[in-house]
Amino acid sequence: MAVHEILKMGDPRLLRVAQPVRQFDTPELHALIADMFDTMAAAQGAGLAAPQIGVDLALVIFGVTRSERYPDAPPVPQTVLINPAITPLSSDEEEGWEGCLSVPGLRGVVPRWGRIRYTGFDQFGQPIDREAEGFHARVVQHECDHLIGKLYPMRIRDFSRFGYTSVLFPGLDPNADD
């Protein structure tokens with residue numbers, strides 16, 4: 001398949017609300033998903049949203065067994081999530097460091113719901129209905145934000161905890177955040 005260029009913060013396409021996917025199990029959809037997984041792997045990401053590669057569809061992928069970018073994070077199941085909806089399972093929020101392939105070289109502390117339920121469909125049109133907490137919940141919320149035109153810096157409340165990865169986390173490979 002193909003590795004696509006990842007759009008960077010400032011590109012107006014990242015600020016649009018994505019359109020719902022209307023047809024499942026098509027060769028075009030399967031090719032797009034394969035390209036997204038190739039792109040995510042090449043960038044060492046934990047997730048990727050279709051708008052990040054300039055595709056205006058409500059489609060995200062995520063999943064990681066071990067991440068160079070988040071070495072302490074637990075595994076997240078590899079998932080294709082189409083036309084997602086997120087419901088918080090409590091009002092409790094957790095703060096955590098986030099980065100983004102569209103915001104390379106920077107990290108910030110972002111509040112997210114600690115426990116969520118997410119629903120949607122896989123690439124074959126089969127329903128997905130899962131509960132998630134911790135890093136898994138954070139990844140899902142982060143990726144789904146891309147579908148409503150939000151990047152994680154828009155959710156930061158304390159900009160004293162936002163900066164360059166190389167300064168904040170000097171032990172991380174500097175190339176792992178680009």
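Refer to the structure presented above.
Since this is a predicted model, take the numbers as computed values, not measurements.

Quick notes on the rules
Residues numbered from 1 in each chain as written. Predicted model: local features only at pLDDT ≥ 70, side-chain atom pairs only at ≥ 80, totals over all residues. Heavy atoms only, no water. Helix = DSSP H or I, 4+ residues; strand = E, 2+ residues; numbered from the N terminus. Rg over C-alpha atoms; globule rule 2.2 N^0.38 Å. Buried < 20%, exposed > 50% of the residue type's maximum accessible area, 1.4 Å probe, protein only. Contact = heavy atoms within 4.5 Å. Salt bridge = Lys/Arg side-chain N within 4 Å of Asp/Glu carboxyl O. Expected span 1.5 Å × (residues − 1). Pairing = 2+ DSSP bridges. Axes fitted to C-alpha atoms, helices over the stretch in contact; angles between N-to-C directions. Lys, Arg positive; Asp, Glu negative; His and termini not counted. Polar contact = N/O pair within 3.5 Å; in protein donor to acceptor, adjacent residues only side chain to side chain.

Draft legend 1. Here's a closer look at the overall build of the protein chain. Across its full length, the protein chain carries three helices and eight strands. Computed over its C-alpha atoms, the radius of gyration of the protein chain comes to 15 Å, within 12% of the 16 Å expected for a compact globule of 178 residues. Judged by the C-alpha coordinates and their principal axes, the protein chain covers about 45 × 35 × 30 Å. Looking at the protein chain as a whole, 49% of its 178 residues qualify as buried. Within the protein chain, residue pairs in contact and separated by at least 24 positions form 69% of the contacts whose partners lie at least 6 positions apart.

Draft legend 2. Layout of the pattern of salt bridges. Overall, the coordinates contain 11 salt bridges when judged by the stated rule. A salt bridge links Arg112 to Glu98; the shortest N-O distance between them is 2.8 Å. Of this pair, Arg112 sits in strand S5 (residues 103-113) while Glu98 is found in strand S4 (residues 93-100), placing the two residues 14 residues apart along the sequence. Taking relative accessible area as the criterion, Arg112 reaches 4% and is therefore assigned buried. With a shortest N-O distance of 3.9 Å, Arg115 and Glu133 are connected by a salt bridge. Residue Arg115 is located in strand S6 (residues 115-121), and its partner Glu133 is located in strand S7 (residues 127-133); the two are separated by 18 residues in the primary sequence. Of the residues examined, Arg115 reaches a relative accessible area of 36% and is grouped as partly exposed.

Draft legend 3. Inspection of helix H2 (residues 134-145) at higher detail. A rise of 1.5 Å per residue sets the reference length of H2, with its 12 residues, at 16 Å; its end C-alpha atoms lie 17 Å apart and thus fit the reference within 8%. With 11 of its 12 residues buried, H2 lies for the most part within the structure. All buried positions along H2 are accounted for by Phe135, His136, Ala137, Arg138, Val139, Val140, Gln141, His142, Glu143, Cys144 and Asp145.

Draft legend 4. Just the sheet that holds S5, in detail. The antiparallel open sheet is built from three strands, whose spatial order is S4-S5-S8. With partners counted over all chains shown, the strands left at the sheet margins are S4 and strand S8 (162-164), one partner each. The mean angle between the axes of side-by-side strands here comes to 20°, regardless of whether they run parallel or antiparallel.

Draft legend 5. Region of interest: the side chain of Asp122. Looking at the element boundaries, Asp122 is found in the loop between S6 and S7. Notably, Asp122 is buried but unbridged: the nearest opposite-charge side chain belongs to Arg130, and the N-O separation is 7.7 Å. Polar side-chain contacts of Asp122 include one of 2.8 Å to the backbone nitrogen of Phe124. Those residues within four positions of Asp122 in sequence are excluded, and the remaining contacts are Phe24, Val80, Ile82 and Ile128.

Purely spatial values, then, with no claim about function.
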